[in-house]
Amino acid sequence: MILNLLSILILTYAVVIEFSILGLGVGSGLALRRDRYVARFRRIEDLLSSDAVPPVSIIVPAYNEEIGITESIRSMQMLKYPKIEIVVVNDGSTDATLARLIEAFRMVEVTMPFRDDIATEPITAIYESMLPIPLVVVDKVNGGKADALNAGTNVAQYPYVLLTDADVVMDEFCVLRAMRHVVEDRVRTVAVGGNIRPANGCEVAFGRVVEAKVPEKMIERVQLLEYLRSFVASRPAWSRMNALTLISGAFGIFRRETLAEVGGMVPGHLGEDLDLTMRIHRHMRRNKRPYRITYAPDCVAWTEVPSSTPVLRTQRIRWHRGLLRAVRDFRGMLLNPRYGSVGMVGWPAQFFIEYLAPIVEFAGWFVLPIAFLLGLLNVAVALPLIGIALLVGAINSLLALYLDEVYGYFNSPTEAARLIGLAFTENFGWRQRTVWWRVRSMFGNRKRQEWGNMERVGVGNLAGRE
Amino acid sequence: MLHPEPWGDRERPVCPLMLSPSTLLTVLAALVIVAVVLAIALFFIKLVHRRRIRAIGVRRAHYIGALGELVARNALPMSSLTGWGDDPVFLEVLFDFLTIVTGDERATLDRLIERLDLPAKLAEDVRGSRRLRKRLQALGYLVEIADEDVEDLFLGCLDDDVVEVRLHAARGLARVGNPESVGKILDRMEHEEPWVADRLADVLVGYGPAAVPALSQYLLLSQFDPRRDAELLRDITRVLGLIGDLSAEPALLSMVEADERLLRIGAASALGTAGTPASVPALLQALEDPDWRVRARAADSLGVFSDPRAIEPLGIALRDRAWWVRQDAAKALANHLGGEARLIEALGDADPYARDAALHQLGLKGTVRDAYRRIEAGTGTELDQRILRAALESGAPNSAELSELAG
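Conventions adopted
Residues numbered from 1 in each chain as written. Chains lettered and ligands numbered in written order. Predicted model: local features only at pLDDT ≥ 70, side-chain atom pairs only at ≥ 80, totals over all residues. Helix = DSSP H or I, 4+ residues; strand = E, 2+ residues; numbered from the N terminus. Rg over C-alpha atoms; globule rule 2.2 N^0.38 Å. Contact = placed C-beta atoms within 7 Å. Buried ≥ 20, exposed ≤ 12 C-beta atoms within 10 Å, placed from the backbone. Expected span 1.5 Å × (residues − 1). Pairing = 2+ DSSP bridges. Arc of directions from axis to C-beta. pLDDT = per-residue confidence, 0-100. Core = buried A, V, L, I, M, F, W, Y, C linked by C-beta atoms within 7 Å. Axes fitted to C-alpha atoms, helices over the stretch in contact; angles between N-to-C directions. Parallel < 35°, antiparallel > 145°, perpendicular 65-115°, else oblique. Nonpolar A, V, L, I, M, F, W, Y, C, P; charged D, E, K, R; others polar.

1. Some thoughts on the overall build of chain B
Assigned secondary structure in chain B consists of 22 helices and 0 strands. What you see for chain B is a C-alpha radius of gyration of 33 Å, clearly larger than the 22 Å of a compact globule of 407 residues, by over 25%. If you line up chain B on its principal axes, its C-alpha atoms span 100 × 75 × 55 Å. Put simply, of all contacts in chain B between residues at least 6 apart along the chain, 62% involve residues at least 24 apart.

Structure below.
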């Protein structure tokens, strides 16, 4: 009896979660429709000649990035934006990252005072380029990615900072599209997140993605679908509710002053982007200040995703451990009306969908078979519920693919068929593996991991590698 | 409400959702149909989209070829052009062409536009279309070929409910360039949200010098009106600076002493492009402003004039307590005709911050490197040795580079 009850509860939970995600997808569709409509007519190019657009400092943390760092900087130089500076933070690299930068951009050491709003590991030198490019290189003692971003924020001279990764490939109008939200609501907008897509398999030339393709490897393709569900069929809705709980570390623009107020990123945190976004919500809500954390769906940035199981496993375990810590740190915000939409909807969704759902699903792996073997499972109810959960999950993926259609990618019959097929098949095998990694992350060694051990091949070489 | 018998009556409510097994099966069947239909529909949508993109590409290529030939031959076709003007792809290509052609080629396209009666058609779309998308598109194109005939249409659109329509209309007015409409845009700016006012200010730059009298007058009259929004006035100083017409100087000079900090900042900055050497005394005064942003902008603007009166005050500003002011003063001296000598002199300043700022600019300018090279080549003067000694002794900026140069 209890086993049966538990089984049905687990399945019901899965169904409710899937339907909630579907609701988010529908909400995102409506939000995207409005945003696309606005973006279409707001002649983004006009902003290029405007000096009313706030300048932006791009902070690029670099740790042993000698392979692609110069190409990354060159691609950032080509961004179409009225005024930017690029601040590369060399976080005590043990390879030739710094030497490559000094050589390629004729950097010279300068004395540049900077604000020490956020405590970081010591900065050993600051370099400025002798070439007519707005590039600053900060050399510092190793302290991890978050510490490097904090140091870069201290040195940044402009009022908005873009926190990104060295391997991110941005579309040329990416920053301008994101900053449109700041231009249109300067008082309230404190952070803007971008639309992150996997760059694997895409054709990259001159620091730009010239042709988006569906990756060949299954492991990369599934991640593509995950990114679409997250960035296309979920974030627009959260953004509309001002309940966005995560601005991806791959592309996030923040008001510098707000970053300093919340103390920047927490070094050693495995989910530093989630933590930062939540701390900004908490800070602004507690101080009763009007604010918005927005998502810019038309601001597309491409990043390399893991292409092998061990690397992906490590990444996912790291992410989930970051979530676990955030769940603990922000438990006071859960279902707390004081924190408005983020406390009542955004954070509970993270809790129930990202944190609790894998545990429940994992429990289901044992409870359901045992109940079945003991003849206690109401199969007439359980089977349809399993089917409903899986089908709604597939519909969610199809919806994400449909919403993604506006970008016009992946239209060849083969690519379309592959992705549509994947929407159904990913529930068998892949999903279980992810759940297992998430559950595993709750146990075992939770030591600090300063830099993820992603194997990179450099942004210019992404296409055609195997 | 769970059923006690796992294989029993399936019609009773059996799960927390209070749904019976048959209802669940019905839901499941419906979802199967939805999922399959969605998958098939999505597949065909993608294929149709792909075909559409290709078809548009073919039409685009056709129009590019046709327009290219017209422009090259400097002649219009004898045959009818029916349908061209109604095709959005043609309009897109045509207006792309307009951004890149000039002279005779532009004249050919203007004749084509006239023959297709595009201004009237587009104006009709702006007035009559209920679809905002079509209206905005027509308005956007109309802006590119605007003349006095459509000025009234733009003035009417300036009060539209849709912000994009208002912005397009302002761009159209700027394109027509009638200075009388500047006042209308300024009136509009007073009632707009800050970001829209910023965008309208950008549009005002498009009028060029024609807008300066109206803007200057507005600025002069507004400074005594406490109800005026300081941000709006700051925007106007910004516009005057961007236009860079010298007739704006009197209005800007009056703003350098305004009570509002934003106005002083805007004016000190704008005088750099819209001022004459007559602005130097006012800028020198601004160099002593209590607000560092005003001092920094003033230092920056003083660098433009190369006025000998500015050298010593800029040299003193190298000791300013604000880093930005020191840097901007050093940069101004570096750009100044007689400023390099003052920077070299500052290398011996008792204030280490002044030495840093001066050395930083001398380093970027290549003065230190040149001095070293001359010494190395045996042609160095006493001044070169002084520069290098000061640079090495400062132990500050560029010291690593110098050490490298010094071997």
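2. Re the overall build of chain A
In terms of regular secondary structure, chain A is built from 14 helices and 12 strands. Over its C-alpha atoms chain A spans a radius of gyration of 22 Å, differing by no more than 12% from the 23 Å that the globule rule assigns to 466 residues. Principal axes of the C-alpha set define a box for chain A whose edges measure 75 × 50 × 45 Å. Relative to its full complement of 466 residues, chain A shows a buried share of 52%.

3. Notes on the interface of chain A and chain B
Contact with chain A, which involves 49 residues of that partner, is made by 48 residues of chain B. Breaking the side of chain A that touches chain B down by element, the ones donating at least two residues are helix 1 (2–41), strand 3 (107–110), helix 5 (174–184), helix 12 (379–403) and helix 13 (413–425) of chain A. Here the side of chain A that touches chain B gets 14 residues from one element, more than from any other, and that element is helix 12 of chain A.

4. Some remarks on unusual backbone geometry
Even without being glycine, K288 of chain A reaches a positive phi, approximately 50°. Its location among the elements puts K288 of chain A in the loop between helix 9 (272–286) and strand 12 (292–303). Residue K288 of chain A is classed as exposed on the basis of its C-beta count, with 8 C-beta atoms lying within 10 Å. The phi angle at S306 of chain B is positive, at roughly 55°, despite the residue not being glycine. Here S306 of chain B is to be found in the loop between helix 15 (292–305) and helix 16 (308–317).

5. Regarding helix 13 (residues 261–274) of chain B
Residue and element names in this part refer to chain B. In this model, helix 13 (14 residues) spans 19 Å end to end at C-alpha, consistent with the 20 Å of a helix rising 1.5 Å per residue. Counting buried residues in helix 13 gives 12 out of 14 residues, a clear majority hidden from the surface. By the burial criterion, the buried members of helix 13 are L262, L263, R264, I265, G266, A267, A268, S269, A270, L271, G272 and A274. On the buried face of helix 13, the contacting elements are helix 11 (230–243), helix 12 (249–255), helix 14 (280–286) and helix 15.

6. Quick look at the sheet that holds strand 5 (residues 135–140) of chain A
All names here are of chain A. Read from one edge to the other, the open sheet built from 10 strands follows the order 3-4-5-2-1-6-11-8-12-7, with strand pairing classed as mixed. Unpaired on one side and paired on the other, strand 3 and strand 7 (169–170) mark the two borders of the sheet. Here strand 7 pairs with strand 12 via 2 bridges, running antiparallel. Across the sheet, M170 pairs through a bridge with A301, a residue of strand 12.

7. Digging into helix 10 (residues 212–222) of chain B
Helical geometry note: an α-helix holds 3.6 residues per turn, so side chains three or four residues apart project in the same direction. Residue and element names in this part refer to chain B. Among the residues of helix 10, those classed as buried are V212, L215, S216, Y218, L219 and S222. Seen along its axis, helix 10 keeps its buried residues to an arc of 160°; they face one direction. Considering only its buried residues, helix 10 is in contact with helix 8 (182–190), helix 9 (194–205), helix 11 and helix 12.

8. Details of the confidence of the model for chain B
Residues and elements named next belong to chain B. Confidence in the prediction for chain B averages 86 pLDDT; 92% of positions are at 70 or higher. Below pLDDT 50 for its whole length, residues 1–14 participates in 33 contacts with residues either more than four positions away or in separate chains. Under the prediction, the complex receives an ipTM of 0.83, its pTM being 0.82.

9. What to know about the pairing of strand 4 (residues 123–129) of chain A
Residue and element names in this part refer to chain A. As paired elements, strand 3 and strand 4 share 4 bridges and run antiparallel to each other. Following the sheet pairing, E109 is matched in strand 4 by Y127. Taken together, strand 4 and the strand that follows it, strand 5, pair antiparallel across an intervening segment of 5 residues.

10. Concerning the nonpolar core
Where a protein is soluble and globular, its nonpolar side chains tend to be buried together. In terms of nonpolar packing, the biggest core is built from 143 residues, with I59, V87, A301 and L398 of chain A touching the most fellow members. Top element by residues in this core is helix 12 of chain A. It accounts for 16 residues. Leaving out residues up to four positions away in the same chain, I59 of chain A has contacts with V87, V89, L149, G152, T153, A156, V161, L162 and L163 of chain A. Counting 100 residues, the second-largest nonpolar core is a separate cluster that includes A274, A286, V294 and L388 of chain B.

11. Some remarks on the pairing of strand 8 (residues 189–198) of chain A
Residue and element names in this part refer to chain A. Most of strand 8 is tucked away, with 10 of its 10 residues classed as buried. In the sheet, strand 8 pairs with strand 12 via 9 bridges, with the strands oriented parallel. Bridge assignment links N195 to a residue of strand 12, and that residue is V300. As defined by bridge partners, strand 8 adjoins strand 11 (residues 251–255) across 3 bridges and the pair is classed as antiparallel. Considered in strand 11, the bridge of G193 is made with G252.

12. As for the packing of helix 11 of chain B against helix 13 of chain B
Residue and element names in this part refer to chain B. At their nearest, the axes of helix 11 and helix 13 sit 7 Å apart, and the two run at 10° to each other. Judged by the inter-axis angle, helix 11 sits roughly parallel to helix 13. The segment helix 11 lies against helix 13, with A230, E231, L233, R234, T237, R238, L240, G241 and I243 engaging L262, L263, G266, A267, S269, A270, T273 and A274. In the contact of helix 11 with helix 13, the residues fall into 9 nonpolar, 5 polar and 3 charged.

13. Structural notes on the confidence of the model for chain A
Summarising the model, chain A shows a mean pLDDT of 89, and 94% of its residues fall at 70 or more. Every residue in residues 457–466 of chain A is under pLDDT 50, and counting partners more than four places away or in other chains gives 24 contacts.

14. Some details on the environment of G207 of chain A
Residues and elements named next belong to chain A. Relative to the assigned elements, G207 resides in the loop between strand 9 (203–205) and strand 10 (208–211). Here G207 falls in the partly exposed class, since 19 other C-beta atoms lie within 10 Å of it. Spatially, the C-alpha atoms of G207 and I73 are 9.0 Å apart, while their sequence positions differ by 134 residues.

15. As for the packing of helix 11 (residues 340–373) of chain A against helix 14 (residues 430–441) of chain A
Residues and elements named next belong to chain A. Closest axis-to-axis distance for the helix 11/helix 14 pair is 9 Å, and the angle between their directions is 110°. In terms of their interaxial angle, helix 11 and helix 14 are classed as roughly perpendicular. On helix 14, the residues touching P358, I359, E361 and F362 of helix 11 are V435, R438 and V439. The class makeup of the residues in the contact of helix 11 with helix 14 is 5 nonpolar, no polar and 2 charged.

16. Thoughts on the environment of E249 of chain B
Residue and element names in this part refer to chain B. Along the chain, E249 turns up in helix 12. The class of E249 is buried, set by 20 C-beta atoms lying within 10 Å. For the pair E249 and L271, spaced 22 residues apart in the sequence, the C-alpha separation amounts to 6.9 Å. The residues contacting E249, other than those within four sequence positions of it, are A274, G275, T276, A278 and S279.

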